[in-house]
Amino acid sequence: MVARVSTVAFQGIEGLPVDVQVMVAPGRVGMQIVGLPDKAVAESRERVQAALHASGLALPAKRVTVNLAPADLPKEGSHFDLAIALGLMAALGAVPADALSDYIVIGELNLDGTIAAVAGALPAAIGANALGKGLICPADSGPEAAWAGSEIDILAPRSLIAIANHHFRGTQVLSRPEPAVRMAAAGLPDLSDIKGQESAKRALEVAAAGNHNLLMVGPPGSGKSMLAARLPSILPPLSPAELLEVSMIHSIAGQLPGGKLSDSRPFRAPHHSATMAALIGGGARAKPGEASLAHHGVLFLDEFPEFAPQVLDALRQPLETATCIIARANHRVTYPAAIQLIAAMNPCRCGMAGEPGRSCARGPRCMADYQARISGPLMDRIDIRVDVPAVSAADLIRPGTSEPSAAVARRVARARELQRDRFAALGHAELTSNARSSTTVIEKIAEPDAAGLQLLRDAAEKMKFSARGYHRVLKVARTLADLDEAPRVGRIHLAEAISYRMAGERLPVAA
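None of these values were measured; they are calculated from a predicted model. (Residues numbered from 1 in each chain as written. Predicted model: local features only at pLDDT ≥ 70, side-chain atom pairs only at ≥ 80, totals over all residues. Heavy atoms only, no water.)

Undergrad: Looking at this model, I keep getting lost on the overall build of the protein chain. Mind explaining?
TA: The secondary structure content of the protein chain amounts to 21 helices and 20 strands. The dimensions of the protein chain, computed from C-alpha atoms along their principal axes, are 85 × 50 × 45 Å. Looking at the protein chain residue by residue over its 511 residues, the buried ones come to 53%. For the protein chain, the separation between the mean place of its 53 positive charges and that of its 50 negative charges on side chains is 4 Å. (Helix = DSSP H or I, 4+ residues; strand = E, 2+ residues; numbered from the N terminus. Buried < 20%, exposed > 50% of the residue type's maximum accessible area, 1.4 Å probe, protein only. Lys, Arg positive; Asp, Glu negative; His and termini not counted. Charge placed at Lys NZ, Arg CZ, Asp CG, Glu CD.)

Undergrad: Sorry if this is basic, but what is going on with unusual backbone geometry here?
TA: Leave glycine aside and you will find that most residues have negative phi; peptide bonds, for their part, are mostly trans. Here the residue pair Ala-69 and Pro-70 is connected by a cis peptide bond, since its omega of 5° sits within 30 degrees of zero. Notably, Leu-36 is not glycine yet its phi reads approximately 60°, a positive angle. Checked against the element boundaries, Leu-36 lands in the loop between strand S3 (30-34) and helix H1 (39-42). Positive phi, normally seen in glycine, also occurs at His-296, with a value near 60°. Relative to the elements of secondary structure, His-296 occurs in the loop between helix H11 (290-293) and strand S16 (298-301).

Undergrad: Help me understand the pairing of strand S4 (residues 63-69) in this model?
TA: Regular strands place side chains that alternate from one sheet face to the opposite one. Summarising the sheet, strand S2 (residues 14-25) and S4 pair through seven bridges and their orientation is antiparallel. Bridge pairing in S4 links Met-23 to Thr-65. (Pairing = 2+ DSSP bridges.)

Undergrad: Hey, could you run me through helix H3 (residues 81-91) in this one?
TA: An α-helical segment advances 3.6 residues per turn. Residues three or four places apart therefore align on the same side. A large share of H3 lies buried, amounting to eleven of its eleven residues. Those residues of H3 lying buried are Asp-81, Leu-82, Ala-83, Ile-84, Ala-85, Leu-86, Gly-87, Leu-88, Met-89, Ala-90 and Ala-91. At the exit of H3 stands Gly-93, carrying a positive phi of roughly 85°.

Undergrad: Sorry if this is basic, but what is going on with the pattern of salt bridges here?
TA: Where charged atoms from two side chains of opposite charge come close, those side chains can pair. If you walk through the whole model with that rule in mind, you get 24 salt bridges. For Arg-316, the salt bridge goes to Asp-313, with nearest N and O atoms at 3.7 Å. Relative accessible area serves as the criterion here: at 28%, Arg-316 is assigned to the partly exposed category. When salt bridges with common partners are traced through the structure, they connect Glu-320, Asp-380, Arg-381, Asp-383, Arg-468, Arg-472 and Arg-501 into a single cluster. (Salt bridge = Lys/Arg side-chain N within 4 Å of Asp/Glu carboxyl O.)

Undergrad: Please clarify how helix H2 (residues 44-54) should be interpreted in this entry.
TA: Regarding H2, the residues found buried are Ser-44, Arg-47, Val-48, Ala-51 and Leu-52. Down the axis of H2, the sector holding all buried residues measures 125°, keeping them to one side. Gly-56, located one to two residues past H2, shows a positive phi value of around 90°. (Arc of directions from axis to C-beta.)

Undergrad: Help me out: how do you make sense of the environment of Leu-188 in this one?
TA: For Leu-188, the position within the fold is in the loop between strand S10 (180-181) and helix H7 (198-210). Since its relative accessible area comes to 45%, Leu-188 is described here as partly exposed. Note: C-alpha distance between Leu-188 and Ile-234 (46 residues apart in sequence) is 9.9 Å. With residues up to four places along the chain from it excluded, the contact list for Leu-188 reads Pro-232 and Ser-233. (Contact = heavy atoms within 4.5 Å.)

Undergrad: Looking at this structure, how should I read the sheet that holds strand S13 (residues 267-268)?
TA: In a beta sheet, neighbouring strands are held together by backbone hydrogen bonds and run either parallel or antiparallel to one another. Pairing within the open sheet is parallel, and its five strands lie in the order S13-S16-S19-S11-S20. Taken across any chain shown, the strands that pair with only one partner, and hence form the sheet edges, are S13 and strand S20 (384-387). Bridge count between strand S11 (residues 214-217) and S20: four bridges; the pairing is parallel. Residue pairing for S20: Val-217 is matched across the bridge by Asp-387.

Undergrad: What should I look at first to understand the confidence of the model for the protein chain in this one?
TA: Predicted coordinates in regions of low pLDDT should not be interpreted in detail. For the protein chain, per-residue confidence averages 90 on the pLDDT scale, and 96% of positions sit at 70 or higher. Between the elements of the protein chain, mean pLDDT differs from a low of 74, seen in helix H16 (residues 393-397), to a high of 98, seen in S16. Of the regions scoring below 50 in pLDDT, residues 506-511 engages in 18 contacts with residues more than four places distant in sequence or in other chains. (pLDDT = per-residue confidence, 0-100.)

Undergrad: Before we go on, may I ask you to explain the environment of Arg-265 in this structure?
TA: With respect to the secondary-structure elements, Arg-265 resides in the loop between strand S12 (260-261) and S13. Judged by its relative accessible area of 15%, Arg-265 is buried. Remark: the alpha-carbon pair of Arg-265 and Pro-237, spanning 28 residues in sequence, is separated by 6.3 Å. The residues contacting Arg-265, other than those within four sequence positions of it, are Leu-235, Pro-236, Pro-237, Leu-238, Glu-242, His-296, Gly-297 and Arg-416.

Undergrad: I'm lost on the environment of Cys-324 in this one. Help?
TA: Inspection of the secondary structure assignment puts Cys-324 in strand S17 (residues 323-327). Expressed as a C-alpha distance, the spacing of Cys-324 and Ala-314, which sit ten residues apart in the sequence, is 9.4 Å. Setting aside residues no more than four positions away along its own chain, Cys-324 makes contact with Ile-280, Ala-291, Ser-292, Pro-318, Val-333, Thr-334, Tyr-335 and Ala-337.

Undergrad: Looking at this model, I keep getting lost on the side chain of Arg-47. Mind explaining?
TA: Along the chain, Arg-47 falls in helix H2. Within the structure, the side chain of Arg-47 is placed 2.9 Å from the backbone oxygen of Ala-40, a separation counted as a polar contact. (Polar contact = N/O pair within 3.5 Å; in protein donor to acceptor, adjacent residues only side chain to side chain.)

Undergrad: I keep staring at the packing of H7 against helix H20 (residues 467-483) and nothing clicks. Help me out?
TA: Each pair of packed helices can be described by the angle between their axes along with the distance between the axes. Axis separation between H7 and H20 bottoms out at 9 Å; the angle between their running directions is 100°. Between H7 and H20, the crossing angle belongs to the class labelled roughly perpendicular. On the side of H7, the interface is formed by Arg-202, Glu-205, Val-206, Ala-209 and Gly-210, while H20 contributes Val-476, Thr-479, Leu-480 and Leu-483. (Axes fitted to C-alpha atoms, helices over the stretch in contact; angles between N-to-C directions. Parallel < 35°, antiparallel > 145°, perpendicular 65-115°, else oblique.)

Undergrad: Hey, could you run me through the pairing of S16 in this one?
TA: Neither face of S16 is exposed, since Val-298 and Phe-300 on one face and Leu-299 and Leu-301 on the opposite face are all buried. Two elements, S13 and S16, share two bridges in a ladder whose sense is parallel. Across the sheet, the residue bridging to Arg-268 is Leu-299, located in S16. As defined by bridge partners, S16 adjoins strand S19 (residues 340-345) across four bridges and the pair is classed as parallel. Across the sheet, the residue bridging to Val-298 is Gln-340, located in S19.

Here you go:
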């Protein structure tokens, strides 16, 4: 007799169906797992046998064969333990053979028969719901899985004995887990803490309103990192659809503590020693990298030129396509990566190039060599470049505080609302910000008036804008018009957008 249990194998954030087939037959005593398992799956043999023994079920002196079909699909992770154990119990007659046909099963077994939390409970629940099945998962993963919908049947036992008593004997009833919410961090850093830097704060507001990439250049201690840390306080919360996408990625990465979801936008700030696999994704099991973990949020790269040039250039495709593609010899994994890149850098290695009364020991070469670590194609993908000069003593001792984040956040939310309504009216409801619009759409919604068109034409010829640079200037100008609630892009909006582009044209970058 062959017992069957359904589970999933993860490729990216997608759960692919896997049929766990268990056969107990005469032959050499032992347990064999086939179907392209990795080391963690192969070791489940020992965990399953120990957990069954601890639960009071003795294995017969027979040959046990476990097949994970389809056999050519790589199986990775410890979440196959519970499906294998329940399949073996069904094959031995300890549970009805048809009792598991309506469920997808995931979970890792401890040696004492308890069930440990696993990564990927939310994608597994969504996949089970799409197949019209329920989900059996660990108790600690239940609050996460419950976000897949109220119509899906979810069982979240703490042990093998609990699931057997609930579903197969009826002596114990497991209640459906409730979705858990992670409270937003109290006291986010506020823009009112920053004295001076009015132009940089304006650029930060524009970047937040249109989801634009931003580069801040200035000497050490000028407040670049402080400005970036305050961006989350002015960004709008995640929409329900965005929340699920972000949470599925964090679930696969095992970064949902307690299975709790939050509507705060991700803010990832990796160290400049990060490798390409850490930033883009990869490794033996092709885990999502920092770019994917920042999906629908902010990826902050401090000390921008200190990152390896090859690592920075790996961001060029995700910034354009909003996806990270990890290719392997036998499979290909795609993770979403719709990120807002915020970068900060010193003008040179010593950090003081261009500062009054300061000079580099190596002269102009210091600045040229340092900034040349950022390639021209990557710089071309940054919409807003702004200088952040050192803060003067007059700004530091000036009494009072500047505008708080709450006031800026209201303007940002209004601009985002105007963008969503405009895209919906054009039949592009999938778009949510100007930075994500296509060239065809932005040419339609950001058509400037006559004076603005002449200014744009002159600037494009003088500054030698690329086609991408031309359209990114239009996108920033459209965002500036949205902040002013202006129906059409005017000359004043284009002038400011071009000034943000010109700030970066002075950087002597290499193509």
